[in-house]
Amino acid sequence: MDMERELSCSWRDGPRFFCEASETREFLSPTGTFETGDKVEMALWYDEVNKDSLRFGAKTTRTLFVGQSPYQKVSVFETEALGKALMIDDLWMCAEGDEKTYHEMITHTAITTAKKSERVLIIGGGDGGTAREVLSYKHVKHVDLVEIDGMVIEACKKYLPEIGTAWDDPRLNVVVGDGIAWVKREDLEPYDIILVDGSDPVGPAVGLFNEGFYKACYDRLSKDGILVTQAESPKLFYETHIELVKTLQRIFPVVHPFYQTILIYAGALWGWVYATKGTEYTEIQDDLMALAEARCEIYNREIHLGAFAVPNFIKRALAAK
Ligand code: SPD
């Protein structure tokens, strides 16, 4: 292989990384052989590793931010395929080229069916994408966004301003604090919609997958209130997903999981749960759907209705005790 020989150990050369081959090997891709001591260029990939058996990765061209908060590791990268992306504890949270699917689905499924959506609570959502979608509606009067980790908000404001475009909206009240404690407060005015936009169930987000938390959410909702929560991959995190749907079924009279594909998320097929005090996901309000369809990249009436189609393996699991 036509490769310059170098003797020094691994080093960084701008955004390109190299290492020294420690043995002679033949590779299929790129085709060729390198020998001990050859300088080998390495692409810098960041992978979300699941159960030590699957990787979901992106080739990165720049590391913009890496920090350790009291809660978790926060990283922002520039990726070749999906633009800038946020990882928390080495798990993908959002990527510019892919985030609209997630933020549109978590937001508009609730708003287009809500009888009232003046007061909205977002738990998590530190990248600002969900707040951006909620605040796109002029009739929304007040949004509380309660994110436990100030570092996530600051990193996203600085490095992902294209995602959080509504930080300065006067209707948005950002609280850096514990969302679980927030929903237990009995002095709060009821919310018409609660959106749980937390991260995966590791670190501070573990408590967002807990019955006590969702009971408190139920109590904080207004008469016709709607809750939508992210619910992990139904394939890769099957038990977590099923358990979350069943937990919500013990609390809310109407509960429907729904699905959409998110390229960067582990398992690609992603789940959310729609839980209400009575409203059905089919009760679409035409004027609100028209507003959503006018602005969204993927969300529309057909996507909304189709997303609630439940795969058989999930139907069976939910039917079983
Ligand atoms: N690993 C994916 C977990 C998704 C949870 N929320 C994403 C944050 C986007 N606002």
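Because the structure is predicted, anything quoted here is derived from the model rather than measured.

K.L.:
Explanation requested: the overall build of the chain in the structure shown.
P.N.:
Per the secondary structure count, the chain includes 9 helices and 17 strands. Relative to its full complement of 321 residues, the chain shows a buried share of 40%. Of the contacts formed within the chain by residues at least 6 apart in sequence, a portion of 65% connects residues at least 24 apart.

K.L.:
Mind showing me how you'd approach the pairing of strand β9 (residues 83-88) here?
P.N.:
Counting buried residues along β9, 5 of its 6 residues qualify, which places the element largely inside the surrounding structure. For strand β8 (residues 73-79) and β9, the ladder comprises 6 bridges, and the chain directions are antiparallel. Paired with glutamate 78 across the two strands is lysine 84, which belongs to β9. Connecting β8 to the antiparallel partner β9 that follows it, the hairpin turn spans 3 residues. Here β9 runs beside strand β10 (residues 91-95); their pairing, made up of 4 bridges, is antiparallel. When the sheet's bridge partners are listed, methionine 87 is paired in β10 with tryptophan 92. The antiparallel hairpin formed by β9 and β10 contains 2 residues in its connecting segment, where aspartate 89 sits at a positive phi of about 50°.

K.L.:
What's the story with the sheet that holds β9 in this structure? I'm lost.
P.N.:
Within a sheet, each strand pairs with its neighbour through backbone hydrogen bonds, oriented either parallel or antiparallel. What the 5 strands build is an open sheet, ordered β6-β7-β8-β9-β10; its pairing is antiparallel. Taken across any chain shown, the strands that pair with only one partner, and hence form the sheet edges, are β6 (44-50) and β10. Adjacent strand axes in the sheet meet at a mean angle of 45° when their direction is disregarded.

K.L.:
Got a minute to help me understand the site of the ligand in this structure?
P.N.:
With respect to spatial proximity, 14 residues lie near the ligand, and among them Leu91, Met93, Cys94, Asp127 and Gln230 are the closest. Where the shell around the ligand is concerned, the elements lending two or more residues are β10 and α2 (129-134). If you tally residues by element for the shell around the ligand, the top one is β10, at 4 residues.

K.L.:
In this structure, what is going on with helix α5 (residues 211-220)? I would like to understand it.
P.N.:
The periodicity of an α-helix, 3.6 residues per turn, causes residues three or four places apart in sequence to face the same way. Listed in full, the buried residues belonging to α5 are Tyr214, Ala216, Cys217 and Arg220. Angular distribution of buried residues about the axis of α5 spans 155°; they occupy a single face of the element. Elements in contact with the buried residues of α5: α4 (179-183), β14 (191-197), β15 (221-230) and α6 (238-249).

K.L.:
Help me out: how do you make sense of the sheet that holds strand β13 (residues 172-176) in this one?
P.N.:
Spatially, the 7 strands line up as an open sheet ordered β13-β12-β11-β14-β15-β17-β16, and their pairing is mixed. Here the strands that pair on one side only, and so sit at the sheet edges, are β13 and β16 (254-261). Along the sheet, successive strands turn relative to each other by an average axial angle of 15°, direction set aside. The pairing of β14 with β15 spans 5 bridges and is parallel. Across the sheet, valine 196 pairs through a bridge with threonine 229, a residue of β15. This element, helix α1 (residues 99-111), spans β14, β15, β16 and β17 (269-276) of the sheet and lies at about 160° to β14.

K.L.:
It is not clear to me how unusual backbone geometry should be interpreted in this structure. Could you clarify?
P.N.:
Trans peptide bonds make up most of the peptide bonds, and negative phi angles are found at most residues other than glycine. Unusually for a residue other than glycine, aspartate 52 sits at a positive phi of about 55°. Here aspartate 52 shows up in the loop between β6 and β7 (54-68). The class for aspartate 52 is exposed, based on 6 C-beta atoms found within 10 Å. Even without being glycine, glutamate 232 reaches a positive phi, approximately 65°. For glutamate 232, the position within the fold is in the loop between β15 and α6. In this structure glutamate 232 comes out as buried when scored by C-beta crowding, with 23 C-beta atoms within 10 Å.

K.L.:
Looking at this structure, I do not really get the environment of threonine 240. What am I missing?
P.N.:
Relative to the assigned elements, threonine 240 resides in helix α6. A residue is classified by how many C-beta atoms lie within 10 Å of it, and threonine 240, with 17 of them, is partly exposed. If we skip the residues at most four places from it in the chain, threonine 240 touches Pro201, Phe209 and Glu232.

K.L.:
What is the right way to read the pairing of strand β11 (residues 119-124) from this model?
P.N.:
A regular strand places its side chains on the two faces of the sheet in alternate fashion. Extensive coverage of β11 is indicated by the burial of 6 of its 6 residues. Inspection of the sheet shows β11 paired to strand β12 (residues 142-147) by 5 bridges, in the parallel sense. Following the sheet pairing, isoleucine 122 is matched in β12 by leucine 145. For the crossover from β11 across α2 to β12, the handedness is right-handed. Where β11 and β14 come together, 5 bridges link them in parallel fashion. Looking at the pairing, valine 120 lines up with isoleucine 193 of β14.

Procedures and definitions
- Residues numbered from 1 in each chain as written.
- Predicted model: local features only at pLDDT ≥ 70, side-chain atom pairs only at ≥ 80, totals over all residues.
- Helix = DSSP H or I, 4+ residues; strand = E, 2+ residues; numbered from the N terminus.
- Buried ≥ 20, exposed ≤ 12 C-beta atoms within 10 Å, placed from the backbone.
- Contact = placed C-beta atoms within 7 Å.
- Pairing = 2+ DSSP bridges.
- Axes fitted to C-alpha atoms, helices over the stretch in contact; angles between N-to-C directions.
- Near = placed C-beta within 6 Å.
- Arc of directions from axis to C-beta.
- Right-handed = clockwise from strand over helix to strand, strands pointing away.

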